[in-house]
Protein chains: 2
Amino acid sequence: MASSTVENYLKATLLHEQKADGIVPMGALVEALGVVPGTVTSMVKAMAAQGLLEHEARQGVRLTPIGRALAVGVLRKHRLVETFLVRTLKMDWSEVHDEAEALEHAVSDRVLERISELLGHPTTDPHGDPIPDAEGNFAATKTQDSLDLCALDQPLRVTRILDQTQEFLAYVQETGLKPGAKIRVLRREPASGVLHCELAGGTEVALGLHIAGKIIVGAA
Amino acid sequence: MASSTVENYLKATLLHEQKADGIVPMGALVEALGVVPGTVTSMVKAMAAQGLLEHEARQGVRLTPIGRALAVGVLRKHRLVETFLVRTLKMDWSEVHDEAEALEHAVSDRVLERISELLGHPTTDPHGDPIPDAEGNFAATKTQDSLDLCALDQPLRVTRILDQTQEFLAYVQETGLKPGAKIRVLRREPASGVLHCELAGGTEVALGLHIAGKIIVGAA
DNA sequence: ACCTTGTTTTTGATTACTCAAAATACAAGT
DNA sequence: ACTTGTATTTTGAGTAATCAAAAACAAGGT
Ligand SMILES: [Mn+2]
Ligand SMILES: [Mn+2]
Ligand SMILES: [Mn+2]
Ligand SMILES: [Mn+2]
């Protein structure tokens, strides 16, 4: 069985591969796992010896099919647990990540399938991230744009928040831009690129480009 | 923070103290934790140095107030998790122990209080074992007898199963003697001590003394 | 007093994970 | 080609948890 540490390495590698495909540099793992570079090198070697990763010296790592399957399983646990914590235990969506970070290693497959069933087999988590099914397949994503690129005056719905730092989630919470929120882009300031949007209650918010780029929307 | 291993040692020590008060011999921990004697000696030394246990050389260990508080917390997590798995996730009461054994170390206090709330702050787990409250106090237990000692012809209710081995739980499951079941003792065979009991549906079961001694009942 | 038996402790190793700090490789930039 | 800066690897060391096997101890029984 893979230890919690190994599971965290696998998940971090998968997330990086999904965000920027190609080889995952050692530094990305250093960053994601909060350890020093030497630690990553030695863990990666051990995991490569176990057949979970391929290690290109001085370049980085790639998941093997076995490693990927395990990583997807951990990601599924993480996201289903987050969904469970929000929907069943009524926890705040902006505080569930850390809890899930620990529980993803302790929840058995048996318990996980019970949770999935209880929740009606959800396909996205509270942050809008896709939940792979029990076989490891991600549902085909609907057409979605980041908020800074989408058309004016269309009825839209927030589907996903890409930046999941504590501060950004708090900001999103506060402005009411949570996944599920209805939104319409009123206009774009030509010079700055600042967006003016209308929220459900008629309230209006102005968003800088760097913020809008981290919010994904789809047709309402 | 106490590691999972340390939490397991603390919980095992607490359970032994509750069952047979006085000092807990090293051998009891060897047995409970499934490790060799030398391992227990060195773990116990480390935990004593941390102020979690008192170690009387060649005698055994006792929980310190700090160690006891931690142990009670772990036990509370274990039993609330078991209750949650049975009541909310509809898992079989005879298979939840192993799941709880892992989850008790991963569930945070915050999550635990949500679970307790969701369940209406239960005071006993699926096996009938008491769940301490958030301050670490066990509810005063109602008058209860082991089945081999109680009066004839009284309407009784099973409240607790002491032997929680897989086989015994399966037996209890099969005969329908689960906590909550109504039962009446019809007669006791003078020589052998074998009990004849009537269950809810009118079915009758014969129980040997060794079995009856592990089933606790209270007034129905 | 001596021996036997069961329990506990010691000793010496091993595995997994980690850090600090020094060494190395590589990609540019001049 | 040489220098510089950054990423990666190596080396040496430490902690937590474990085992195997030998040693020490505590009681009792003879
Ligand atoms: Mn994690
Ligand atoms: Mn998420
Ligand atoms: Mn446990
Ligand atoms: Mn229980």
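In what follows, the structure referred to is the one given above.
The sections below set out a description of the structure shown in this document. All of these numbers come straight from a predicted model, not from anything done at the bench.

Definitions and cut-offs
- Residues numbered from 1 in each chain as written.
- Chains lettered and ligands numbered in written order.
- Predicted model: local features only at pLDDT ≥ 70, side-chain atom pairs only at ≥ 80, totals over all residues.
- Heavy atoms only, no water.
- Helix = DSSP H or I, 4+ residues; strand = E, 2+ residues; numbered from the N terminus.
- Rg over C-alpha atoms; globule rule 2.2 N^0.38 Å.
- Contact = heavy atoms within 4.5 Å.
- Lys, Arg positive; Asp, Glu negative; His and termini not counted.
- Charge placed at Lys NZ, Arg CZ, Asp CG, Glu CD.
- Buried area = accessible area lost by both parts, 1.4 Å probe.
- Salt bridge = Lys/Arg side-chain N within 4 Å of Asp/Glu carboxyl O.
- Polar contact = N/O pair within 3.5 Å; in protein donor to acceptor, adjacent residues only side chain to side chain.
- 1 Å grid on protein atoms, 1.4 Å probe; cavity = no way out; pocket = protein on both sides within 12 Å on 5 of 7 lines; lining within 4 Å.
- Points joined across faces, edges and corners; volume = space filled by probe spheres on them.
- Nonpolar A, V, L, I, M, F, W, Y, C, P; charged D, E, K, R; others polar.
- Donors = N, O, S within 2.8 Å, 3.2 Å for Na, K, Ca; no water.
- Buried < 20%, exposed > 50% of the residue type's maximum accessible area, 1.4 Å probe, protein only.
- Near = heavy atom within 4 Å.
- Pairing = 2+ DSSP bridges.

### Quick notes on the overall build of chain A
Here is step 1: Looking only at helices and strands, one finds eight helices and eight strands in chain A.
Here is step 2: Its C-alpha radius of gyration of 19 Å places chain A within 12% of the 17 Å reference for a compact globule of 220 residues.
Here is step 3: With respect to the three principal axes, the spread of C-alpha positions in chain A is 55 × 40 × 30 Å.
Here is step 4: Sequence-distant contacts, at least 24 apart, represent 63% of the contacts inside chain A between residues at least 6 apart.
Here is step 5: Once the 22 positive and 29 negative side-chain charges of chain A are each reduced to a mean point, those two points are 3 Å apart.

### Description of the interface of chain B and chain A
Here is step 1: Opposite the 18 residues of chain B that make contact, chain A presents 18 residues.
Here is step 2: Together chain B and chain A conceal approximately 1,600 Å² of surface at their shared face, both sides included; 63% is due to carbon and sulfur atoms.
Here is step 3: Ranking the residues of chain B by area buried against chain A places L89, R110 and R114 of chain B at the top, with a combined share of 32%.
Here is step 4: Here chain B and chain A share four salt bridges between them.
Here is step 5: Across the pair R110 of chain B and E99 of chain A runs a salt bridge whose closest N-O atoms are separated by 3.0 Å.
Here is step 6: If you look at where chain B meets chain A, you find eight residue pairs in polar contact (both at pLDDT 80 or more).
Here is step 7: At five residues, helix α6 (residues 109-118) of chain B tops the list of elements feeding residues into the side of chain B that touches chain A.

### A word on empty space enclosed by the protein
Here is step 1: The tally for this structure, following the rule as stated, stands at one cavity of 30 Å³ or more.
Here is step 2: Taken as a whole, the largest cavity spans an internal volume of roughly 150 Å³.
Here is step 3: If you go around the largest cavity, you meet 15 residues; those closest to its centre are F84, L103 and V107 of chain A together with F84 and L103 of chain B.
Here is step 4: For the lining of the largest cavity, the residue count by class is 15 nonpolar, no polar and no charged.

### Focus on the coordination of the manganese ion (ligand 4)
Residue and element names in this part refer to chain B.
Here is step 1: Around the manganese ion (ligand 4), the protein contributes the donor atoms E82 (OE), D125 (OD) and H127 (ND1), which lie 2.1 to 2.3 Å from the metal centre.
Here is step 2: Mapped onto the sequence, the residues coordinating the manganese ion (ligand 4) show the spacing E-x42-D-x1-H. A residue pair is termed long-range when its members are at least 10 positions apart, and E82 in helix α4 (residues 65-87) and D125 in the loop between α6 and β3 (145-146) qualify at 43 residues.
Here is step 3: With a relative accessible area of 5%, D125 lands in the buried category.

### Section: the protein's contact with DNA strand C
Here is step 1: Taken together, 20 residues sit near DNA strand C, with S3, T39 and R58 of chain A together with G27 and K45 of chain B positioned nearest.
Here is step 2: The sugar and phosphate moieties of DNA strand C supply 77% of its atoms located within 4 Å of the protein.
Here is step 3: Between a phosphate oxygen of DNA strand C and a side-chain N or O atom of S3 of chain A, the distance comes to 2.5 Å.
Here is step 4: In this structure, M26 of chain B approaches DNA strand C through a main-chain N or O atom, which is 3.4 Å from a phosphate oxygen.
Here is step 5: The set of elements that each furnish at least two residues to the surface near DNA strand C consists of α1 (4-19) and α3 (37-49) of chain A together with α2 (26-33) and α3 (37-49) of chain B.
Here is step 6: Class assignment of the residues belonging to the surface near DNA strand C gives a composition of eight nonpolar, nine polar and three charged.

### Regarding the pairing of strand β8 (residues 215-219) of chain B
All names here are of chain B.
Here is step 1: Counting buried residues in β8 gives four out of five residues, a clear majority hidden from the surface.
Here is step 2: In the sheet, β3 pairs with β8 via two bridges, with the strands oriented antiparallel. Note on β8: the bridge partner recorded for D145 is V217.
Here is step 3: Relative to β8, strand β4 (residues 155-161) runs antiparallel, the two being bridged by five bridges. Bridge pairing links R157 to G218 in β8.

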